[in-house]
Amino acid sequence: MPYLALENIRKAYGPAVAVDRLDLGVEKGEFISLLGPSGCGKTTTLQMIAGFVEPTQGAIALDGIDLSRLAPEKRGLGIVFQSYALFPHMTVAANVAFGLEMRRVGKAEIRQRVEQALAMVGLADKGGRYPRQMSGGQQQRVALARALVIRPAILLLDEPLSNLDAKQREEMQLELRQIQRQSGTTTVLVTHDQQEALALSDRIVVMNQGRVEQIGSPFDVYERPGSAFVATFLGRTNTFSAEPTPRGLAVAGHVMMPGERPATISIRPEKVDFTTDGDGLPGRVLTRVFQGNHWLLHVETPGGLCLVIRPNDGRPLPGEGETVVLAFRARDASLSLAGSTP
Amino acid sequence: MNAQARQGWLLVAPATLLFVGIVATPLAMTLLLSFNGWSSTQGIVPTLTVQNYAEILSDSFFAEIFLRTLRIALWVTLICVLIGAPEAYILRRMREPWRSSFILVVIGPLLVSVVARTLGWALLLGGNGLIPLALHRLGLTSSPVSLMFTETGVVIALVHVLVPFMVLSVWASLARMDPATERAAQSLGASQITIFLRIVLPQAMPGILSGGIIVFSLAASAFATPAIIGGRRLKVASTLAYDEFLNTLNWPLGAAIAVLLLVGIVAIVVGWNRFIERRYSQVFAS
Amino acid sequence: MRNGPLALVFHAAFVVFLLAPMVLVCLVAFTPEGFLSIPTTRFSLRWFERIAQYPDFIAAFRTSLFVATAASLIAVLFAVPAALAIARYRFTGREALNAFFMAPLMIPHLVLGIAFLRFYSLLGISGTMAGLIIGHVVVVFPFAMRMVLAAATGMDKRIEDAATALGADRITTYRRIVIPLIIPGMASGFALAFIQSFDEVTMTVFIASATTTTLPVRMFTYIQDSIDPLICAVSALLILFTVLAMLVIDRFYGLQRLFIGEDKS
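What comes next is a walk through the structure. Note that the structure is a prediction, hence the values are computed from the model and not measured.

1. Details of the overall build of chain C
For step 1, the next point in the chain: Helix and strand counts for chain C come out as 12 helices and zero strands.
For step 2, the next point in the chain: For chain C, the succession of helices and strands along the chain, N to C, is α-α-α-α-α-α-α-α-α-α-α-α.
For step 3, the next point in the chain: In terms of its C-alpha atoms, chain C occupies a principal-axis envelope of roughly 75 × 60 × 30 Å.
For step 4, the next point in the chain: A burial count over chain C gives 55% of its 265 residues as buried.
For step 5, the next point in the chain: For chain C, restricting intrachain contacts to residue pairs at least 6 apart in sequence, the fraction spanning at least 24 positions comes to 72%.
For step 6, the next point in the chain: When the 19 positive and 15 negative side-chain charges of chain C are each reduced to one mean point, those points stand 5 Å apart.

Structure, rendered in structure tokens:
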């Protein structure tokens, strides 16, 4: 039995269903991300684990104990909120100490553990400050220290990095990952940022419209998307409708890969290459944009517009207006059969 | 009822009970009182009659007073819009620290007792006051004419008492305005006047209209200012009701006057609100 | 954008219009003469000294302070739970209740005065201090409510969730988190309520008795009899008192915030 188990969870607000038929097991020490667009039910799921929202149906168990009968304040979970929800009228140290006070930890131990927690997030000398005197990144660290200092059974992170700028976010990701590994705390992260989920998680749960689309390691979910939704939501993807011919599946009459039934081909832009020999999809380069470590090309083909990403590795690339032939390896593409809903 | 609703109701219960007990009940009793009879020998006669209302609605003496109240309130509202809205816009365009200091000057009078402020106007408007003397010096009047006990005097003093509400209301509207819209209009070649009329004024309109509601309803029900400036000679609805209560002691008639005043104000305010909501809900939603 | 010369002339005229009556009252208060006049040669304090001979004004001032303090305190105490419920719980009738609590703003004070006069005379408590305070609680409640409600709504609901998640029960959450966070709202609600109560005339005229007269009402009845330098001196002191209070509030809280809310511009 997994450490945290969600069984057949459903949450409905009147006729609106926020989460439906959700089954999820999280192992001890694991870092798992709930990823999906806004309104997909990921935050509701987190709120149900925390106890702020009651499931309409289904069971949540932690280490074999049913959580549903436990009030939120008895669950012993650490939560980092999107807005951080720091207590504005308390100093940083008092914020971090609050959970320990609630647990009636002795004064001396509180001081020591608060110091440790603040040192862990790199704010050892900022304990006397008030939250509003700190930057967004620092507030976020305080929130993390406050959640971790109580040694929670699970750490719940609700879009914790969404209010930071790109550079801070990248730093914080590395740090979060390191702190989580060090403390070994089982962690559930809610995010709409695929890059964040890919970078941090052991496993990703992709959600859409209240349902789980796919659960798997970041690599699996990215490389072998289980549905068209996952393919388009995670990373960018090109889709072509293909018809069967005696020689294989063809896009606009050009055979691209083996196959016998009409299907939609999904192929990541970085898996599309230019070819000079053999079959392929002819096209014309519309735009070519330099992005630093890679190039982004829009190619107009008879099967529709195709996005191509090529590394900036010194190889010559076609210029705007040049005609090219596009090809990809069959194993890099994923097929969904025409007529079947993704 | 779920737990949330139960806790919610539990928390609002004290204030609700207080309000039902000491606001709703007395108001209901006043309404009832306005239907009681009265005689100078017996005082209040506990019968149910529409006699008080019939008397007010048929007597031209009362009609004149209610019309005067309405006329004064409308003039006060109009003048407050005409001077309050531009002042709010001017304040908005000021730089710090001027802006903060002059906002204090505008808000400050709101805190000063209405009686003290109206006393100032009694000094200014009286026969030896500065305004009649100034009008005389300018040759506008052949001799200094006191503005005490005149509608003009009451309107001037009420504008002074109420114009801060208009400035604050328009200010709040203007604060929501994106200042870039003015610069955008300027970059498109609009003159200052065009910017004010076409860009600023429409965005300030909700503030002008809601400020108008506040000023109108306070002007129509104002008591201390018309009582001091208008005196016994120039009655308005509120001073009339006061006289019936504390001088004539005909409480039922006074109550009927108060009820009519309240109904009139509420009807105008609600109608006005509807108009604003219909006109502006699309533009200023969310 | 800058104001043009025409705008500045208009602004100057507006400011003169706003301040002239109050400045005039203060000037006349210093007249050495026995009649209404603006002091031209010298300032005299004789009319301020005369106030001491009218103990009513001093008693009325004390009554005003007491009534305003009591009524504002009671109003804030009732407003806190109601504002918390309206800001943070979803229940049917929530919107209607809020409108109900704001209703005294819409009801003319004249009507309230008449209603209380009738109510108290039937209950046999006319002219009592208790009656006066209850009336003032009603008048100032919307102001107290508005400020506390603004503080309660402005509070991030997640802050409470955070306290709960850290193991705080309901009572601890209220004591340690919610109440400390709305204390500024309570203080400003009290200040606004106090000002409203202290200046109230129209309703109080109906329910005050000879022994429970407030300062504005005493001034009002005096003015109805006669206007002389004495009443100007009393008004001048009241204006001075108000200006001092205003500066204190502005220093600690900001008048702009009190009357307009947070300045977003």
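2. As for the interface of chain B and chain C
For step 1, the next point in the chain: Contacts between the two partners involve 90 residues from chain B and, on the opposite side, 75 residues from chain C.
For step 2, the next point in the chain: Between chain B and chain C, the buried area comes to about 7700 Å², and carbon and sulfur atoms account for 80% of it.
For step 3, the next point in the chain: In this structure, the connection of chain B to chain C is made through zero salt bridges.
For step 4, the next point in the chain: Between the two partners, chain B and chain C, sit five residue pairs in polar contact (both at pLDDT 80 or more).
For step 5, the next point in the chain: Residue contributions to the side of chain B that touches chain C peak at 22 residues, all from helix α1 (residues 3-33) of chain B.
For step 6, the next point in the chain: Of the residues that constitute the side of chain B that touches chain C, the class distribution is 63 nonpolar, 18 polar and nine charged.

3. Focus on the pattern of salt bridges
A side chain with one charge can pair with a side chain of the opposite charge if their charged atoms come near.
For step 1, the next point in the chain: Per the counting criterion, the structure on display carries 29 salt bridges over all chains.
For step 2, the next point in the chain: A salt bridge links R177 of chain A to D202 of chain A; its shortest N-O distance comes to 3.9 Å. Of the two residues, R177 of chain A sits in helix α5 (residues 166-183) while D202 of chain A sits in the loop between α6 (194-200) and β9 (203-208), which places them 25 residues apart along the sequence.
For step 3, the next point in the chain: Linked by salt bridges that have partners in common, E64, R68, R71 and E151 of chain B make up one network.

4. Looking at the nonpolar core
For step 1, the next point in the chain: Counting residues in hydrophobic clusters, the biggest one holds 259 residues, and the most contacted among them are L144 of chain A, V76 of chain B together with F220 of chain C.
For step 2, the next point in the chain: No other element matches the 16 residues that helix α3 (residues 55-88) of chain C contributes to this core.
For step 3, the next point in the chain: With residues up to four places along the chain from it excluded, the contact list for F220 of chain C reads V115, F223, A224, A227, I228 and Y242 of chain B together with V201 and V205 of chain C.
For step 4, the next point in the chain: By size, the runner-up hydrophobic cluster in this structure holds 21 residues, among which are A242, I267, V308 and A333 of chain A.

5. Points about the packing of aromatic side chains
For step 1, the next point in the chain: Enumeration according to the criterion identifies 33 aromatic pairs over all chains in this entry.
For step 2, the next point in the chain: Ring plane angle 55° and centroid distance 4.8 Å describe the contact between F223 of chain B and Y242 of chain B, whose orientation is recorded as tilted. With F223 of chain B in the loop between α9 (192-221) and α10 (224-230) and Y242 of chain B in helix α11 (residues 237-248), this pair connects stretches of sequence that are 19 residues apart. For the residue pair F223 of chain B and Y242 of chain B, the accessibility class agrees, reading buried in each case.
For step 3, the next point in the chain: Ring geometry for F190 of chain C and F194 of chain C: centres 6.1 Å apart, planes at 35°, overall tilted. Note that F190 of chain C and F194 of chain C are positioned in helix α8 (residues 170-199) at a spacing of four residues, about one turn of the helix.

6. Observations regarding the interface of chain A and chain C
For step 1, the next point in the chain: Facing 21 residues of chain A, the contacting portion of chain C comprises 17 residues.
For step 2, the next point in the chain: Between chain A and chain C, the buried area comes to about 1700 Å², and carbon and sulfur atoms account for 67% of it.
For step 3, the next point in the chain: Viewed at the interface, chain C and chain A are joined by one salt bridge.
For step 4, the next point in the chain: Broken down by element, the residue count for the side of chain A that touches chain C peaks at four residues, all from helix α2 (residues 92-102) of chain A.
For step 5, the next point in the chain: Across the side of chain A that touches chain C, the residue classes tally to 13 nonpolar, four polar and four charged.

7. Examining the environment of L234 of chain B
Residue and element names in this part refer to chain B.
For step 1, the next point in the chain: Following the sequence through the fold, L234 ends up in the loop between α10 and α11.
For step 2, the next point in the chain: Accessibility expressed as a relative area gives 9% for L234, which makes it buried.
For step 3, the next point in the chain: Along the primary structure L234 and I65 are separated by 169 residues, whereas in three dimensions their C-alpha atoms are 8.6 Å apart.
For step 4, the next point in the chain: If sequence neighbours within four positions are ignored, L234 has contacts with R68, F149, T150, E151 and V154.

8. Structural notes on the layout of surface pockets
For step 1, the next point in the chain: By volume, the second largest pocket amounts to about 1200 Å³.
For step 2, the next point in the chain: The wall of the second largest pocket is formed by 30 residues, among which G51 and F52 of chain A, Q4 of chain B together with K157 and R170 of chain C lie closest to the centre.
For step 3, the next point in the chain: For the lining of the second largest pocket, the residue count by class is 11 nonpolar, eight polar and 11 charged.

9. Things to note about unusual backbone geometry
For step 1, the next point in the chain: Of note, the amide linkage connecting E96 of chain B to P97 of chain B takes the cis form, showing an omega dihedral of 0°.
For step 2, the next point in the chain: Of note, R21 of chain A is a non-glycine position whose phi angle comes to about 45°, a positive value.
For step 3, the next point in the chain: Structurally, R21 of chain A can be placed in strand β2 (residues 16-26).
For step 4, the next point in the chain: A relative accessible area of 54% means that R21 of chain A is categorised as exposed.

10. A look at a nonpolar patch on the surface
For step 1, the next point in the chain: Taken together, the side chains of L130 of chain B together with L19, V23, L27, I38 and F43 of chain C make up a nonpolar region of the molecular surface, amounting to roughly 490 Å² of accessible area.
For step 2, the next point in the chain: With respect to the element layout, F43 of chain C can be found in the loop between α1 (5-29) and α2 (46-51).
For step 3, the next point in the chain: Relative accessible area serves as the criterion here: at 56%, F43 of chain C is assigned to the exposed category.

11. Overview of the sheet that holds strand β12 (residues 248-251) of chain A
Two modes of strand pairing occur in sheets, parallel and antiparallel, and in both the strands are linked by backbone hydrogen bonds.
Residues and elements named next belong to chain A.
For step 1, the next point in the chain: In spatial order, the strands read β13-β12-β11-β14-β20; together these five strands make up an open sheet with antiparallel pairing. The open sheet terminates on both sides in strands that have one partner only, identified here as β13 (254-257) and β20 (334-337). The average angle at which neighbouring strand axes cross in this sheet is 45°, direction not considered.
For step 2, the next point in the chain: Here strand β11 (residues 238-245) runs beside β12; their pairing, made up of three bridges, is antiparallel. Among the inter-strand pairings, P244 is bridged to a residue of β12, identified as L249.

12. Some remarks on the environment of D66 of chain A
Residue and element names in this part refer to chain A.
For step 1, the next point in the chain: Topologically, D66 is positioned in strand β5 (residues 65-66).
For step 2, the next point in the chain: The exposure class assigned to D66 is partly exposed, which follows from its relative accessible area of 31%.
For step 3, the next point in the chain: The spacing of D66 and A5 is 61 residues in sequence and 9.4 Å in space, taken between C-alpha atoms.
For step 4, the next point in the chain: Apart from the residues within four sequence positions on either side, D66 is in contact with I60 and A61.
For step 5, the next point in the chain: Of note is the side chain of D66, whose polar atom sits 2.9 Å from the side chain of S68.

13. Concerning the pairing of β2 of chain A
For step 1, the next point in the chain: Pairing of strand β1 (residues 4-13) of chain A with β2 of chain A involves seven bridges; the strand directions are antiparallel. Bridge pairing links K11 of chain A to V19 of chain A in β2 of chain A.

14. Digging into the sheet that holds strand β19 (residues 323-327) of chain A
Residue and element names in this part refer to chain A.
For step 1, the next point in the chain: Strand order in the open sheet made by the five strands is β15-β19-β16-β17-β18, with antiparallel pairing throughout. Here the strands that pair on one side only, and so sit at the sheet edges, are β15 (273-274) and β18 (304-311).
For step 2, the next point in the chain: The pairing of strand β16 (residues 281-290) with strand β17 (residues 294-301) spans six bridges and is classified as antiparallel. Paired with R284 across the two strands is E300, which belongs to β17.

15. Notes on the environment of Q173 of chain A
Residues and elements named next belong to chain A.
For step 1, the next point in the chain: Inspection of the secondary structure assignment puts Q173 in helix α5.
For step 2, the next point in the chain: We classify Q173 as buried; its relative accessible area is 7%.
For step 3, the next point in the chain: Sequence spacing of Q173 and E196 is 23 residues, and the spatial spacing of their C-alpha atoms is 7.3 Å.
For step 4, the next point in the chain: Q173 has contacts with L161, Q195, E196, A199 and L200, leaving out every residue within four places of it along the chain.

Reading guide: rules and limits
- Residues numbered from 1 in each chain as written.
- Chains lettered and ligands numbered in written order.
- Predicted model: local features only at pLDDT ≥ 70, side-chain atom pairs only at ≥ 80, totals over all residues.
- Heavy atoms only, no water.
- Helix = DSSP H or I, 4+ residues; strand = E, 2+ residues; numbered from the N terminus.
- Buried < 20%, exposed > 50% of the residue type's maximum accessible area, 1.4 Å probe, protein only.
- Contact = heavy atoms within 4.5 Å.
- Lys, Arg positive; Asp, Glu negative; His and termini not counted.
- Charge placed at Lys NZ, Arg CZ, Asp CG, Glu CD.
- Buried area = accessible area lost by both parts, 1.4 Å probe.
- Salt bridge = Lys/Arg side-chain N within 4 Å of Asp/Glu carboxyl O.
- Polar contact = N/O pair within 3.5 Å; in protein donor to acceptor, adjacent residues only side chain to side chain.
- Nonpolar A, V, L, I, M, F, W, Y, C, P; charged D, E, K, R; others polar.
- Core = buried A, V, L, I, M, F, W, Y, C linked by side-chain atoms within 4.5 Å.
- Phe/Tyr/Trp six-rings, centres within 6.5 Å; stacked < 30°, edge-to-face > 60°.
- 1 Å grid on protein atoms, 1.4 Å probe; cavity = no way out; pocket = protein on both sides within 12 Å on 5 of 7 lines; lining within 4 Å.
- Points joined across faces, edges and corners; volume = space filled by probe spheres on them.
- Patch = residues over 30% accessible without salt bridge, like charges linked within 9 Å, V, L, I, M, F, W, Y side chains within 5 Å.
- Areas by Shrake-Rupley, 256 points an atom, 1.4 Å probe, with all protein chains shown as cover.
- Pairing = 2+ DSSP bridges.
- Axes fitted to C-alpha atoms, helices over the stretch in contact; angles between N-to-C directions.

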